[in-house]
Amino acid sequence: MTKDRLIMKAIRREETPRRPLWIMRQAGRYLPEYRNLRKTHSFKDLSQSPDLSTEVTLLPLKRYPLDAAIIFADIMSPLPALGIQFDFDPGPVVANPIRSQKDVAALMPSDPEKLAPEVVTALQQTREVIPEETALLGFCGAPWTLAAYLVEGRGVKDFPTLRGFAAAQPEAMNSLLKKLSDAMAMYLINQAKAGADAVQIFDSWAGILSLNDWEKLIRPHLQTMLEKVGEAGVPRILFLQNAPHLLDAYASLPAEVLAIDWRINIEDTQKRYNTHAIQGNIDPAILLQGADPTEQAAKQLINKVNPIGHIVNLGHGILPKTPLESVEALIDVVHNEKIR
Ligand code: 1CP
């Protein structure tokens with residue numbers, strides 16, 4: 001029964017027999033079986049076929065007793081519905097970056113049916129085969145993080161073209177963010193209808209603006225998007241990365257869970273925002289060092305964070321060179337903790 005899914009209980013800040021755990025990028029390149037599949041299929045092939053996407057979503061669950069499946073797709077997956085073309089190398093590379101109001105105006109109005117139908121099908125198929133007690137998570141990129149790739153053209157340190165565009169053409173940026181937030185609200189709601197128990201909004205590049213600029217440019221869109229998803233009854237996990245200066249701002253947005261990286265003091269955050277559940281926040285770099293340092297970091301985390309409303313995760317995606325023993329060590333620590 002849905003009410004027994006540990007992550008859902010943690011989201012509601014109810015007591016759980018142990019803390020729930022999932023890992024950002026859990027179906028990624030650290031898994032030998034994923035690397036094998038990548039020998040014969042491109043990332044695009046894997047993410048655009050509902051059957052392959054379902055298969056990849058299940059890979060980490062076959063190996064580990066994780067408490068959630070996160071659907072194998074990318075933040076870019078719904079953007080073809082807006083007329084955007086891109087490839088992966090290994091991150092997203094956009095064919096025609098957006099650099100003017102005219103480019104923004106040329107985006108197609110998003111038809112809800114066309115927003116990554118392969119992801120919607122993969123969610124339905126995954127729900128049919130995962131254990132009843134495993135939660136299914138949907139996700140999307142936050143409007144700003146999507147705009148980062150659309151304007152810059154690809155992931156570049158600190159996204160200078162994006163920041164310049166936001167400063168020089170704020171109206172064009174504003175219309176771009178509006179189009180993206182409208183589309184993402186629909187997309188997240190579609191994912192919930194297809195079986196996602198909760199959705200994570202990835203604002204990976206949140207931190208590159210000042211608080212003032214964030215308030216002016218980003219807050220209104222993120223707020224509206226989150227409200228629409230909340231009104232549809234879908235629990236929201238809001239992830240911000242490299243943005244300690246924006247923590248108060250994100251905590252004031254409507255979301256059930258605040259997901260934070262390792263730069264942020266998790267126990268302070270938990271105390272300060274006790275209306276939210278909290279997700280995080282082991283530094284993924286520690287896992288590269290093997291089982292012992294991972295075990296220590298996991299023990300430290302559970303010692304300092306109150307278990308009520310805590311979803312254990314890393315502070316960012318698991319790195320491709322992570323040894324499997326580190327993942328096992330993390331799971332062991334979480335599973336061996338007896339809360340009651
Ligand atoms: O095999 C490969 O070469 C592809 C690597 C890869 C993978 C495994 C990419 C390209 N995307 C993904 C899957 C993915 N991306 C998931 C799947 C679910 C999971 O297991 O967690 C998710 C949730 C994402 C989300 C994503 N994509 C984000 C937000 C989270 C984060 O890491 O900050 C971002 C910023 C992207 C862009 C992206 N796509 C791929 C890469 C390597 C990147 C980031 C690097 C860059 O900007 O160049």
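In this report, the structure presented in the accompanying data block is examined. (Residues numbered from 1 in each chain as written. Predicted model: local features only at pLDDT ≥ 70, side-chain atom pairs only at ≥ 80, totals over all residues. Heavy atoms only, no water.)

This part covers the overall build of the chain. The secondary structure content of the chain amounts to 15 helices and nine strands. Its C-alpha radius of gyration of 19 Å places the chain within 12% of the 20 Å reference for a compact globule of 340 residues. Dimensions along the principal axes, computed over C-alpha positions, put the chain at roughly 60 × 45 × 40 Å. Classification of the 340 residues of the chain by burial places 57% in the buried group. Of all intrachain contacts in the chain linking residues separated by at least 6 positions in sequence, the fraction that spans at least 24 positions is 73%. Entry remark: accessible area of the chain is about 14,100 Å², with carbon and sulfur atoms responsible for 51%. (Helix = DSSP H or I, 4+ residues; strand = E, 2+ residues; numbered from the N terminus. Rg over C-alpha atoms; globule rule 2.2 N^0.38 Å. Buried < 20%, exposed > 50% of the residue type's maximum accessible area, 1.4 Å probe, protein only. Contact = heavy atoms within 4.5 Å. Areas by Shrake-Rupley, 256 points an atom, 1.4 Å probe, with all protein chains shown as cover.)

Glancing now at the side chain of Glu 337. Considering the arrangement of structural elements, one finds Glu 337 in the segment after helix H15 (324–336). Aside from chain neighbours lying at most four places away, what touches Glu 337 is Pro 17, Arg 18, Arg 19 and Ile 302.

Once that is clear, we can look at the packing of helix H9 (residues 170–193) against helix H10 (residues 211–231). Two numbers describe how H9 lies on H10: the axes approach to 9 Å, and their chain directions differ by 15 degrees. Of the possible angle classes, the one that applies to H9 and H10 is roughly parallel. As for the relative orientation of H9 and H10, their crossing is right-handed in sense. Residues Pro 170, Met 173, Asn 174, Leu 177, Lys 178, Ser 181, Asp 182, Met 184, Ala 185, Leu 188 and Ile 189 of H9 pack against Leu 217, His 221, Met 225, Lys 228 and Val 229 of H10. (Axes fitted to C-alpha atoms, helices over the stretch in contact; angles between N-to-C directions. Parallel < 35°, antiparallel > 145°, perpendicular 65-115°, else oblique. Left-handed = near helix turned anticlockwise from the far one by under 90°.)

Right, let's talk about helix H14 (residues 291–304) for a bit. The first and last C-alpha atoms of H14 sit 20 Å apart over 14 residues, in line with the 20 Å expected at 1.5 Å per residue. Against helix H12 (266–272), strand S8 (277–282), helix H13 (284–287), strand S9 (310–314) and H15 lie the buried residues of H14. (Expected span 1.5 Å × (residues − 1).)

Our next topic: unusual backbone geometry. For residues besides glycine, phi is generally negative; the peptide bonds are generally trans as well. Asp 89 connects to Pro 90 through a cis peptide bond whose omega is -25 degrees. Between Gly 280 and the following residue, Asn 281, the backbone shows a cis peptide bond with an omega angle of -5 degrees. Here Asn 281 lies in strand S8. Positive phi, normally seen in glycine, also occurs at Asp 158, with a value near 65 degrees. Along the polypeptide, Asp 158 turns up in the loop between helix H7 (143–152) and helix H8 (160–168). Non-glycine residue Phe 159 carries a positive phi angle of around 45 degrees. In this structure, Phe 159 sits in the loop between H7 and H8.

The full set close to the ligand counts 24 residues, and Tyr 34, Arg 38, Tyr 149, Ser 204 and His 316 are the nearest of them. Arg 25 places a main-chain nitrogen or oxygen 2.6 Å from an oxygen atom of the ligand. Side-chain polar atom of Arg 38 to an oxygen atom of the ligand: 2.6 Å apart, as the coordinates give it. Alone, the ligand offers 890 Å² of accessible surface; in the complex the protein occludes 91% of this. Of the residues assigned to the shell around the ligand, the class counts are 15 nonpolar, five polar and four charged. (Near = heavy atom within 4 Å. Polar contact = N/O pair within 3.5 Å; in protein donor to acceptor, adjacent residues only side chain to side chain. Nonpolar A, V, L, I, M, F, W, Y, C, P; charged D, E, K, R; others polar.)

Among the structural elements, Asp 261 can be located in the loop between strand S7 (257–259) and H12. By relative accessible area, Asp 261 is classed as buried at 0%. In terms of polar contacts, Asp 261 uses its side chain to reach the side chain of Arg 263, at 2.4 Å. Setting aside its immediate chain neighbours within four residues, Asp 261 contacts Leu 240, Gln 241, Asn 242, Asn 281 and Gly 315.

For the rest of this paragraph, the subject is the pairing of strand S4 (residues 135–141). Among the seven residues in S4, seven count as buried, and that is most of the element. Burial along S4 is two-sided: the residues Ala 135, Leu 137, Phe 139 and Gly 141 and Leu 136, Gly 138 and Cys 140 are all buried. Sheet analysis places strand S1 (residues 68–70) next to S4, joined by three bridges and oriented parallel. Opposite Ile 70, over in S4, you have Leu 137 as the bridge partner. Across five bridges, the pairing between S4 and strand S5 (residues 198–203) is parallel. Residue pairing across strands places Gly 141 opposite Phe 202, the latter belonging to S5. (Pairing = 2+ DSSP bridges.)

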